[in-house]
Amino acid sequence: MVKIQSLLTSLLVVGAACLSAIEVSAKPDNKAPKQPAGNPSSQPANCTAGSVTAGLLAYTSCIGSFTGNDVTDGAAGGGDDPLLDQLTAGIFGGLTNWSLLEKVDEPGNGSVLSWTETSEGIGKWSVSTPITSPFVLSLKAGNSWSAYYFANPSSLSITGGLWNTLGVSLAGNGNNGKALSHASIFVVPGGGDNPVEVPEPTVLAGIGLVAASSLSRLRKKPA
């Protein structure tokens, strides 16, 4: 009998210890994960979070953010410029005849395009010659870039506007955009008229059949 009581006592002690361990493991860990000192984490950004204007116009649409460079130094097109590749593929409005007007790395430094940063991630941009065609303003901050398309359907004379990098790359706190690295502007020479679409072969064949049928009816009509 004594042995049985001793065994029961041991089982109760072991059970209590197990329950205590389960309770400890179930408690939430309220400690925040440690960030590396001096290396705040970057937050992902979506271009739609950014506010980019051209006079009274808001941007029509945007793409980004993307990692890397939008424009490669010393190159003006082809496979060297990721953004221009997308533009000439018709990413915005189906327009394909884009060209790089200018890329500017330094605030206030540019023969056509200039920009200033009033505070980190916020500033103004301007051009020395008014733009009346569709255009794209691209912003690079941190290791990311986003592009903002202005259709400018009324062919307004655009001379500048405002920008921020909330849609490009966010600072570690996630509330502010990073400082602007460079800005690039692309235009559509000649006003940006959409190319005339050529009908598909099946459509052309259908038009031919209708025309042939109409001609046959006319020939069968009595004089």
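To start, this report covers the structure provided alongside it. Bear in mind the structure is a predicted one, so any value in this text is a computation, not a measurement.

1. Some thoughts on the overall build of the chain
Inference 1: Looking only at helices and strands, the chain features 3 helices and 10 strands.
Inference 2: Element order for the chain, N to C, with α for helix and β for strand: α-β-β-β-α-β-β-β-β-β-β-β-α.
Inference 3: Evaluated residue by residue, the chain yields a buried proportion of 31% over its 223 residues.
Inference 4: Contacts in the chain between residues far apart in sequence, at least 24 positions, make up 68% of those at least 6 positions apart.

2. Topic: the environment of Ser 184
Inference 1: Mapped onto the elements, Ser 184 comes out in strand E10 (residues 180–187).
Inference 2: Take Ser 184: its relative accessible area is 0%, and that puts it in the buried class.
Inference 3: The spacing of Ser 184 and Val 136 is 48 residues in sequence and 8.1 Å in space, taken between C-alpha atoms.
Inference 4: Those residues within four positions of Ser 184 in sequence are excluded, and the remaining contacts are Asp 70, Val 71, Leu 100, Glu 102, Lys 103, Leu 113, Val 136, Leu 137 and Ser 138.
Inference 5: Reaching out from Ser 184, the side chain makes a polar contact with the side chain of Asp 70 at a distance of 3.4 Å.

3. Quick word on the sheet that holds strand E3 (residues 61–67)
Inference 1: The sheet built from 5 strands is open, its strands ordered E3-E8-E7-E10-E4 with antiparallel pairing. The open sheet terminates on both sides in strands that have one partner only, identified here as E3 and strand E4 (99–104). Across this sheet, the average inter-strand angle for adjacent strands is 15°, counted without regard to direction.
Inference 2: Relative to strand E8 (residues 144–150), strand E7 (residues 135–141) runs antiparallel, the two sharing 7 bridges. The residue bridging Lys 140 from the neighbouring strand is Trp 145, located in E8.

4. Some words on the state of the cysteines
Inference 1: For the structure on display, the rule yields 1 disulfide.
Inference 2: Here Cys 47 is linked by a disulfide to Cys 62, with a sulfur-sulfur distance of 2.1 Å. What sets the handedness of the Cys 47 and Cys 62 disulfide is the S-S torsion sign, and at about 70° it is right-handed. Here Cys 62 lies in strand E3 and Cys 47 lies in the loop between helix H1 (2–26) and strand E1 (53–54), a separation of 15 residues in the sequence.
Inference 3: For Cys 47, a relative accessible area of 3% gives the class buried.
Inference 4: What makes Cys 62 buried here is its relative accessible area of 15%.

Each value, and the rule that gives it
- Residues numbered from 1 in each chain as written.
- Predicted model: local features only at pLDDT ≥ 70, side-chain atom pairs only at ≥ 80, totals over all residues.
- Heavy atoms only, no water.
- Helix = DSSP H or I, 4+ residues; strand = E, 2+ residues; numbered from the N terminus.
- Buried < 20%, exposed > 50% of the residue type's maximum accessible area, 1.4 Å probe, protein only.
- Contact = heavy atoms within 4.5 Å.
- Polar contact = N/O pair within 3.5 Å; in protein donor to acceptor, adjacent residues only side chain to side chain.
- Pairing = 2+ DSSP bridges.
- Axes fitted to C-alpha atoms, helices over the stretch in contact; angles between N-to-C directions.
- Disulfide = S-S within 2.5 Å.

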